[in-house]
Amino acid sequence: MIKKYSEAAFDGKEHLTPESIHRTFRNTVFNQSKNVPVTCDICGLDSDTILQYYRLYIDDYERHKGQSFNL
């Protein structure tokens, strides 16, 4: 069903799969919230899986948060 409608919408130039849609949704949820438990609950994944995907982003966020408010 996804293949049928993605070919109709994108004239066969884009290849969408359920996994690519889920990954995009997961990325959007995480980028909006920056919260692992919220992302786990909404996406239905365990925290180990989320941390596997986003460990670098979490570490970078923790390292840089609050730096824009330096006086």
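Above this text sits the structure in question.
Residues numbered from 1 in each chain as written. Predicted model: local features only at pLDDT ≥ 70, side-chain atom pairs only at ≥ 80, totals over all residues. Heavy atoms only, no water.

Participant: Before we move on, can you summarise the packing of helix α3 (residues 36-43) against helix α4 (residues 47-64) with the specific residues and values?
Facilitator: One way to put it is that α3 packs onto α4 with a least axis distance of 10 Å and a crossing angle of 135 degrees. The angle between α3 and α4 falls in the class oblique. Of the two elements, α3 crosses α4, and the hand of that crossing is right-handed. In this structure, α3 contributes Val36, Thr39 and Cys40 to the contact, and α4 contributes Ser47, Ile50, Leu51 and Ile58. When its residues are assigned to classes, the contact of α3 with α4 shows five nonpolar, two polar and no charged. (Axes fitted to C-alpha atoms, helices over the stretch in contact; angles between N-to-C directions. Helix = DSSP H or I, 4+ residues; strand = E, 2+ residues; numbered from the N terminus. Parallel < 35°, antiparallel > 145°, perpendicular 65-115°, else oblique. Left-handed = near helix turned anticlockwise from the far one by under 90°. Contact = heavy atoms within 4.5 Å. Nonpolar A, V, L, I, M, F, W, Y, C, P; charged D, E, K, R; others polar.)

Participant: Describe the packing of helix α2 (residues 18-33) against α3, and please don't skip the residues or the numbers.
Facilitator: It is the contact of α2 with α3, at a shortest axis distance of 9 Å, that shows an interaxial angle of 150 degrees. Between α2 and α3, the angle falls in the class roughly antiparallel. Once α2 is placed against α3, the crossing between them reads as right-handed. On α3, the residues that touch His22, Phe25, Arg26, Val29, Phe30 and Ser33 of α2 are Val36, Val38, Thr39, Ile42 and Cys43. When the residues that make up the contact of α2 with α3 are grouped by side-chain class, the tally is seven nonpolar, three polar and one charged.

Participant: Please set out the side chain of Ser20 residue by residue, giving values where relevant.
Facilitator: Mapped onto the fold, Ser20 is located in helix α2. Classification of Ser20 as buried rests on a relative accessible area of 14%. Looking at Ser20, its side chain comes within polar contact range of the main-chain oxygen of Thr17, at 2.8 Å. (Buried < 20%, exposed > 50% of the residue type's maximum accessible area, 1.4 Å probe, protein only. Polar contact = N/O pair within 3.5 Å; in protein donor to acceptor, adjacent residues only side chain to side chain.)

Participant: So, the environment of Tyr54: which residues are in play, and what are the values?
Facilitator: Its place among the elements puts Tyr54 in helix α4. Sequence separation between Tyr54 and Phe10 is 44 residues, and the spatial gap between their C-alpha atoms is 30 Å. Each residue touching Tyr54, except ones within four places of it in the same chain, is listed here: Arg26, Asn27 and Phe30.

Participant: Hey, could you go over the packing of aromatic side chains for me, with residue numbers and the actual values?
Facilitator: The tally for this structure, following the rule as stated, stands at three aromatic pairs. On the basis of an interplanar angle of 50 degrees and a centroid distance of 6.1 Å, the ring pair of Tyr54 and Tyr57 is categorised as tilted. With Tyr54 and Tyr57 both in helix α4, this residue pair falls three residues apart, about one helical turn. Residue classification places Tyr54 among the buried positions, given a relative accessible area of 3%. Feature note: the residues Phe30, Tyr53, Tyr54 and Tyr57 constitute an aromatic cluster, connected by ring pairs. Between Arg26 and the ring centre of Tyr53, over which it is positioned, the NZ or CZ distance is 4.0 Å. (Phe/Tyr/Trp six-rings, centres within 6.5 Å; stacked < 30°, edge-to-face > 60°. Lys NZ or Arg CZ within 6 Å of the ring centre and 35° of its normal.)

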